[in-house]
Number of protein chains: 2
Amino acid sequence: MRILVLGGDGFCGWPSALHLAASGHDVTIVDSLVRRKIDDELGVHSLTPIHSPAERMTAWHEVSGERIEIVELDLARDYDPLAELLRTTRPDTVVHFAEQRAAPYSMKSPAHKRYTVDNNLNGTHNLLAAIVETGLDVHVVHLGTMGVYGYETVPVDLPEGYLTVSYPDRNGEMRSRDILYPTQPGSVYHLTKSLDQLLFQFYARNDGIRITDLHQGIVWGTQTDETARDPRLINRFDYDGDFGTVLNRFLVEAAVGHPLTVHGTGGQTRAFINIRDSIRCIRLAVESGSEVNGQVRVMNQMTETHRVADLAELVAALAGCEVATVSNPRKEADENQLAARNDLLLGLGLDPIRLDSELLSAEIEIARKYAERVDRNHIPCTSYWTEDRRNAAQEHDR
Amino acid sequence: MRILVLGGDGFCGWPSALHLAASGHDVTIVDSLVRRKIDDELGVHSLTPIHSPAERMTAWHEVSGERIEIVELDLARDYDPLAELLRTTRPDTVVHFAEQRAAPYSMKSPAHKRYTVDNNLNGTHNLLAAIVETGLDVHVVHLGTMGVYGYETVPVDLPEGYLTVSYPDRNGEMRSRDILYPTQPGSVYHLTKSLDQLLFQFYARNDGIRITDLHQGIVWGTQTDETARDPRLINRFDYDGDFGTVLNRFLVEAAVGHPLTVHGTGGQTRAFINIRDSIRCIRLAVESGSEVNGQVRVMNQMTETHRVADLAELVAALAGCEVATVSNPRKEADENQLAARNDLLLGLGLDPIRLDSELLSAEIEIARKYAERVDRNHIPCTSYWTEDRRNAAQEHDR
C-alpha cells in the first residue's frame, strides 16, 4: 500500500513508519518537526540521541535498500500543501500521529492548552476536509487514547468505542442503541482526542470516509526491530515530567538511581502496551482497512492493565531503587479500577508482549547506556491541572 | 450584573445585548464584526439596513440615556486582549454568541468548513482558558443549537442535554447513568456546537467554571421591543441561502412574491423560537446563573416544533404565493419527527410567544417595507453537503 504517516518523526510515528516500510509498504513521512522544537522549548532532550531527519532517511536506505521520503508540513497550518500532497501521492492509507500528545504539556499554561486544542483539532479537521476535497478513497488510521473513556472506576470492561445502552421511550417501552462511549477526558490533551471522535463520526457519516480510531494505552519501551538496525535509527525515550509516560519515566529513574516518582497513592490503574506491539497494531489496522465501512472503527490498542504503584514496586525491586510519593499534579481520582476489551486487535492477529522483569530489565539497560544524558531537574512534573494542585504540591514540598 | 456579550453585533447577540441593557444590566459588547465582512464576501446584505456599530451605540444612548460599550476583538485570535478585558471589566456573566452560525455557510467549501471549526473551537476554548487564567468566578451563557441532538426520528422527547441510560455491568446487573445526549450533528456548524459541549464538560469538571449551554431552535422574527425603538437599532433579517433560517426565508420570499423554497419534501420537523423569546431566554439564563454548579446546565431554548412543509403552506396561504420544491442541498433524512422538552426555561418564567398568522403577517409587512433591497439571486441555497447533493440539484434543475 501507499501510506502517508503524519507525525512520522515522533515517538510512535517513527517506529511505525519503519515497520510499515519493512513490511513492504510504500511510506512517506509527513511531519512539522515540532516535537524537536518542543525539546528546545523545554530544554530537555530524549534520553536516546535522535538523529536528524536526513540522517534517519540515509540510514534507512543503507540498512534496507529502500527509500522513505519525508515532507516537512504543518498539518494544522499548511492545508493547501496537504491537499496537493494527497493529490500527487494518492495514498491508500493515511496514518495520523500528528497531534500534541502529552497531557502534562497540554496543561502547562493557557498558551499550551490553546496550542494543543488549535493544533490537534485543526490538524485532524484539515486532513478530513482535504480528503473530501480531493475525492480520494483513503483509509484514515488515527492514534487516539484510552483516556477518552476517562479514568473513573466504571462497572464495565471498557468496550471498543461503542456502548450499547437502553432507555425508556416516550411510552415507557425500553429502547436500545449503540452510542459512542460517553467521554470523560482528564486533560486538554485527552479532550482533543474526544473532540477528534466527533469529527470522525461526522465525516464518516456525511462523506463516507473510512476511519479507524485506535484508543491506545500508555506506551512503554523504546526500540523496535527496525529502529535497532542502526544507531541513527534509534527511537525517542522521553523521561521528563511533560513527555515521559509513567513506566518509561520509572525505567529512566531506575537507571540513574532517582527515586521513582509516584503521583499520589499510585492507586491509578492504567492500560499499557509495549512499543513493539503498538507498531504491529498500526500495521494490522492499516492492512485491514477494507473492513471499515460506514461507522468509525474503534479499537482499543492496549494489552494489559496495571496499577501505577505496582509497576513502581516492580521496577524498584529490579533496580534496587526507592519509590517516592509526590503530590499528584493531576486532578483525578486517587484510585481507580480499569479493565478493557481488546478483542478486535487480537482478532486481527495481535499476539501481545507481556510486561515482565526481563523486558523491563532490558529497557533499564538501554536507559543506563545513556544515563549521562539525563537532566534530573526535568524529571518531576511541574505542570499542574489546577491552582489547587499547584498549591498542594508546594504544601507537600514544604 | 456586569455582562460581556461576545458576538453582540449579530442577529441574536445584538437584540440580546439591548434587552439585557434595558433590564438594568451593565453591558459591554465584544465583537470582531466579521459578520459584516461575510456580507461583503457573499455579496448580500440583511434585508433590513444595519447601521454602523458607532451609530447603534449613539442611538441606544439617545433612546435609553444609558451607554453600551463596544470592544472590537476576535475571540478566536485575540487571546491576550480578551484576558485583559476580563481582568479590567470583571464580568459576572459572559454571554457567548461569537461563533459562525450558519450550517450552509459551514458547508460551502473546504475553506468555509475549516474557518468554522477554527473560529468556533478556538473562540470558545480561548474564553474558557482566559477565565481559568484570570481566576474570575464567571458564569458563561453559550448559545448552542438543538441540532446537536440530530434530526433523526427518535423515540424520546429530546431531554435537556442529558439522557439517563442503563447498561449491563460486567456481572450482567443493570446500571444507570446520566450521559450527555449522544450527539449527531448534521453539518460542520452543528458539529462545532457538539465539540463545544465537550469543552464545557471538561472545564466545568476540571476548573469549576459555571456554564449554561442553550440548545436553541430555529429563530424567526427580527425586531424586538428594544431594536424597534429607533431605526438605527434595527436588527438583521437574513434571507439568503446561507444565513437565512428557514421561516425567515419564507417570510421574505412571501414579501417579494418569490416561490417559497422548500428543501426536498419539507417533511423535516424542526424546533422554533421567536426572537423575542430568544432574548428573554438569554436574560433568564443570565439572571439564574447562581443556580449553576458543577455540571453544565443545558436548557432547550425552543418553544414549539413544526414541519417545514406545514410552515410553507401557512405562509403561502397568508401571502398568496406558491411553494416550490427544490432539491435538498443537505444530507439528511427526508422526513423526521421531533419533540423536545423545554421545562427548564418554562420553569424560569418563559411565557412562549406562539407562532400564528397575525405574527407571521406582521413579519411579512416588515419584509415588504424593505422588499426593494432583496437580491433574488441570493435566495437559493447553493451550498451542498456532498458532491452527490450537488449533482442531484443539477439533475433536478435540468
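Scroll up to find the structure.
With respect to the interface of chain B and chain A
Taken together, the contact pairs 55 residues of chain B with 54 residues of chain A. Overall, the association of chain B and chain A removes approximately 4,700 Å² of surface from exposure, summing both partners, and the carbon and sulfur fraction of that is 56%. One can count 4 salt bridges joining chain B with chain A. Across the pair Arg170 of chain B and Asp157 of chain A runs a salt bridge, and its minimum N-O distance is 2.6 Å. Viewed at the interface, chain A and chain B are joined by 25 residue pairs in polar contact (both at pLDDT 80 or more). Broken down by secondary-structure element, the contributors of at least two residues to the side of chain B that touches chain A are helix H6 (110–134), strand E6 (162–168), strand E7 (174–180) and helix H7 (188–207) of chain B. Residue composition of the side of chain B that touches chain A, grouped by class: 28 nonpolar, 13 polar and 14 charged.

Concerning the sheet that holds strand E9 (residues 218–220) of chain B
Residue and element names in this part refer to chain B. With respect to topology, 3 strands assemble into an open sheet ordered E9-E11-E13, the strand pairing being mixed. Each edge of the open sheet is held by one strand with a lone partner, namely E9 and strand E13 (304–307). The sheet shows a mean angle of 45° between the axes of neighbouring strands, direction not considered. As defined by bridge partners, strand E11 (residues 269–274) adjoins E13 across 4 bridges and the pair is classed as antiparallel. Residue pairing across strands places Ala271 opposite Thr305, the latter belonging to E13. Helix H8 (residues 246–256) rests against E9 and E11 of the sheet, and its axis sits at about 30° to E9. The sheet strands contacting helix H10 (residues 308–319) are E11 and E13, and the helix crosses E13 at an angle near 80°.

Considerations on empty space enclosed by the protein
A water-sized probe, rolled over the atoms, reveals where empty space remains. All told, the structure shown has 5 cavities of 30 Å³ or more when counted by the stated rule. Taken as a whole, the second largest cavity encloses approximately 40 Å³ of empty space. Residues that form the lining of the second largest cavity fall into these classes: 6 nonpolar, 3 polar and 2 charged.

Thoughts on the packing of aromatic side chains
Under the defined criterion, the tally for this structure stands at 6 aromatic pairs over all chains. On the numbers, 5.3 Å between centres and 90° between planes, the contact of Phe202 of chain A with Tyr203 of chain A is edge-to-face. Under the relative-accessibility criterion, Phe202 of chain A is labelled buried at 3%. Residue Tyr203 of chain A is classed as buried on the basis of its relative accessible area, which comes to 0%. Measuring from ring centre to ring centre gives 5.2 Å for Tyr149 of chain B and Tyr181 of chain B, while their planes differ by 90°; the resulting arrangement is edge-to-face.

Some details on the pairing of strand E10 (residues 260–263) of chain B
Residue and element names in this part refer to chain B. A two-sided burial pattern is seen for E10, the buried positions comprising Leu260 and Val262 on one face and Thr261 and His263 on the other. Both E10 and strand E14 (residues 323–326) contribute to a ladder of 4 bridges, which runs parallel. Within E14, the residue paired with Thr261 across the bridge is Ala324.

Topic: the layout of surface pockets
One number sums up the size of the second largest pocket: a volume of about 760 Å³. Lining the second largest pocket are 40 residues, with Leu180 and Pro182 of chain A together with Leu180, Pro182 and Thr183 of chain B sitting closest to its centre. For the lining of the second largest pocket, the leading source of residues is helix H7 (residues 188–207) of chain A, giving 7 residues. Class assignment for the residues of the lining of the second largest pocket results in 18 nonpolar, 14 polar and 8 charged.

Section: the sheet that holds strand E9 (residues 218–220) of chain A
Residues and elements named next belong to chain A. In spatial order, the strands read E9-E11-E13; together these 3 strands make up an open sheet with mixed pairing. Each edge of the open sheet carries a strand with a single partner, namely E9 and strand E13 (304–307). Neighbour to neighbour, the strand axes of the sheet diverge by 45° on average, direction disregarded. Lying over the sheet, helix H9 (residues 275–287) contacts E9 and strand E11 (269–274), oriented at roughly 75° with respect to E11.

Describing the relation of the copies chain B and chain A
Of the two same-sequence chains, chain B is brought onto chain A (RMSD 0.0 Å, axial shift 0.0 Å) by a rotation of 180°. The operation mapping one copy onto its partner corresponds to a two-fold rotation axis. The overlap is high: 98% of the interface residues of chain B also sit at the interface in chain A, so the same surface is used on both sides.

Structural notes on unusual backbone geometry
Backbone geometry places Arg90 of chain A, a non-glycine residue, at a positive phi of 45°. With respect to the helices, strands and loops of the structure, Arg90 of chain A is situated in the loop between helix H4 (79–89) and strand E4 (93–96). Residue Arg90 of chain A is classed as exposed on the basis of its relative accessible area, which comes to 55%. Look at Leu33 of chain B: it is not a glycine, yet its phi comes out positive at around 65°. Along the chain, Leu33 of chain B turns up in the loop between strand E2 (26–31) and helix H2 (34–42).

Criteria and thresholds
- Residues numbered from 1 in each chain as written.
- Chains lettered and ligands numbered in written order.
- Predicted model: local features only at pLDDT ≥ 70, side-chain atom pairs only at ≥ 80, totals over all residues.
- Heavy atoms only, no water.
- Contact = heavy atoms within 4.5 Å.
- Buried area = accessible area lost by both parts, 1.4 Å probe.
- Salt bridge = Lys/Arg side-chain N within 4 Å of Asp/Glu carboxyl O.
- Polar contact = N/O pair within 3.5 Å; in protein donor to acceptor, adjacent residues only side chain to side chain.
- Helix = DSSP H or I, 4+ residues; strand = E, 2+ residues; numbered from the N terminus.
- Nonpolar A, V, L, I, M, F, W, Y, C, P; charged D, E, K, R; others polar.
- Pairing = 2+ DSSP bridges.
- Axes fitted to C-alpha atoms, helices over the stretch in contact; angles between N-to-C directions.
- 1 Å grid on protein atoms, 1.4 Å probe; cavity = no way out; pocket = protein on both sides within 12 Å on 5 of 7 lines; lining within 4 Å.
- Points joined across faces, edges and corners; volume = space filled by probe spheres on them.
- Phe/Tyr/Trp six-rings, centres within 6.5 Å; stacked < 30°, edge-to-face > 60°.
- Buried < 20%, exposed > 50% of the residue type's maximum accessible area, 1.4 Å probe, protein only.
- Least-squares fit on C-alpha atoms with pLDDT ≥ 70 in both.

These results come straight from atomic positions and should not be treated as a statement about function.
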